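What the coordinates show
This is what each chain is made of:
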Amino acid sequence: MRFLILILALLCVQTVVAGDTLAQFSERLAPLMECQTVQADYVQTRKIKSLGIDLVINGSMALEKNGRLLWHSKSPLSSIIIISADSLRLWDAETNQVTTVSASRFPWLKLIYSSMSEWLSGDIKKLENSSRITIKDKHTLELVPEQEFFLKFVSKVEISFTSAYDAVKTMILFENNGDILHFEYKNIILNQTIPESRWLLPPK
Amino acid sequence: MVIAAKIEKASSRALIFALRHRKILWLFCFILLVFALVSTFFFGSYGNDIKTLFPKNSDAGKALASMQRSQAANTVVLEFDTGQKNGAVKIEPWLDQLASRLEKLEFVNSLTFRLSNFAEDAAPEKLISAIPLLYDVTILDNANPATAVSQMLRQAAMPVPGVVARHRHDPFGFSLKIFNELEVLKDLAGMEFSPEHLFIANRDASRAAIILDLNPLTIGDAATVRKIFSKLKAEWKDLPVGVQVNIISPLTHTLGNEETIKSDIIRISLFSILFLGILFFVLYRGDLRALWIPLIPICASLFVVGVMAVSFDKIRRTGGMQHLTP
């Protein structure tokens, strides 16, 4: 009897989720779409299947809507990556050297930038242009990239939003080779001006 | 002393003979002048290689010779400026036709316009295959397990997929070195091509470029350059309205140099005529004998060129200097 109740309960939950359309999900993401800036700490876990190891990297990030993305790894190594529509700039603490990669020379960079921005923006209309989207649960979307470049590496992306739908809580990239890239965002600050000094490389 | 006396005696006799037979002397001079003229115009082979302007061992001469050896003159970039965003995309079919016409010209060795699938070819892991072409073996000095681990962590820190695949191709992070140098190259060249189009265009696709590699040319050979440019220009007679063509090549300097030298010669000649005229009327008071002053060096030059035209394969005249190739 208990087993039957559990099955019925599960069916009910599934019906709720199945009944949730992308339009409804998009409406719930309105708070996130209104965000102009996001700053957060992150824990980036890269599960490397071939080596059987998990690489955990802690850091902080900042994102301007339709602007720049800052990715500051703090441990176990210190580096800052600033990705914009035009370029990727990488600063490495060990060498104190700044490397610039122009997006005009390497179009994959533009794809990475637009994808990262779109994934973190929660703009479902934009996401639909580049991915096939399904609703996994009340707070999670599952995206299958349709761009050839990403299909080479990524089989699907899972994005979970906070309960208030005002920020991305976790993002998981499932790579074709079995690797998994997991991002967990904490201490999220929304709509606060990002100090210009954060975009300077080498950092002051 | 005896020889000097003999020379003086012979020259005196020749002078007396000349004075006594002035008509014969004039006729001889006239015939000589005619021969010189015929020789100058029919036997002379003239060139204007700027290299011959410089002394053989001069630094400038060596620099020019080095430039000639480098075959820098062989590259011509044709820039098609439409003046409007995505204008190059609109004239793409015309550019294709032009490229196929230009490729058939006898002096064109190869032509670059269409690009391969750039997005695929420009992937970072593809760069690693260029390492042996760009760097010597010393690049391996830091290729050790510690570097590989450090690079793996650096790459893993990036919020992008495909790290393991990239690390397998470039475990020591050599591609970063290429990235830096490519940026320097971009800054030095002052040009940036957009790979978003499968032909060479700038970022907003307002301009497109066709790169021609010509058969070996000599820097400074203005006559050849003029012929080449004339043939090239004939190929874009049907240029779409509003499109401007810019020729970017060291060869344009060859023509520029020649024009500068020519204009200098014209300016100096005009001033010489003006001042000789002033001298003729003011100082020599219209005495026609004063005309011998410019006439003698002109006739002498003509004789010399005529004789040289018979003796030498090529005479190069640039400005007031003559250079001979026996």
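So, here's what we can say about the structure.

The rules behind the values
Residues numbered from 1 in each chain as written. Chains lettered and ligands numbered in written order. Predicted model: local features only at pLDDT ≥ 70, side-chain atom pairs only at ≥ 80, totals over all residues. Heavy atoms only, no water. Helix = DSSP H or I, 4+ residues; strand = E, 2+ residues; numbered from the N terminus. Buried < 20%, exposed > 50% of the residue type's maximum accessible area, 1.4 Å probe, protein only. Contact = heavy atoms within 4.5 Å. Areas by Shrake-Rupley, 256 points an atom, 1.4 Å probe, with all protein chains shown as cover. Pairing = 2+ DSSP bridges. Axes fitted to C-alpha atoms, helices over the stretch in contact; angles between N-to-C directions. Expected span 1.5 Å × (residues − 1).

What follows is about the overall build of chain A. When its secondary structure is counted, chain A shows six helices and 11 strands. Residue burial in chain A is summarised as follows: out of 204 residues, 49% are buried. Summarising the internal contacts of chain A: among those between residues at least 6 apart in sequence, 45% fall at separations of at least 24. Carbon and sulfur atoms form 57% of the exposed surface of chain A, whose accessible area is close to 10,100 Å².

All names here are of chain A. The strand order β6-β5-β4-β3-β2-β1-β11-β10-β9-β8-β7 describes an open sheet built from 11 strands, whose pairing is antiparallel. Two strands lie at the open edges of the sheet, namely β6 (97-102) and β7 (131-137), each paired on one side alone. The sheet shows a mean angle of 20 degrees between the axes of neighbouring strands, direction not considered.

Take the pairing of strand β11 (residues 180-190) of chain A next. Residues and elements named next belong to chain A. In the sheet, strand β1 (residues 37-48) pairs with β11 via nine bridges, with the strands oriented antiparallel. The partner of V38 across the bridge, within β11, is L190. The pairing of strand β10 (residues 168-175) with β11 spans five bridges and is antiparallel. Within the sheet, the bridge partner assigned to M171 lies in β11 and is F183.

This part takes up helix α9 (residues 145-157) of chain B. Here α9 of chain B contains 13 residues, and its C-alpha end-to-end distance of 18 Å stays within 8% of the 18 Å for a straight helix at 1.5 Å per residue. Of the residues making up α9 of chain B, those classed as buried are T147, A148, S150, Q151, M152, R154, Q155, A156 and A157 of chain B.

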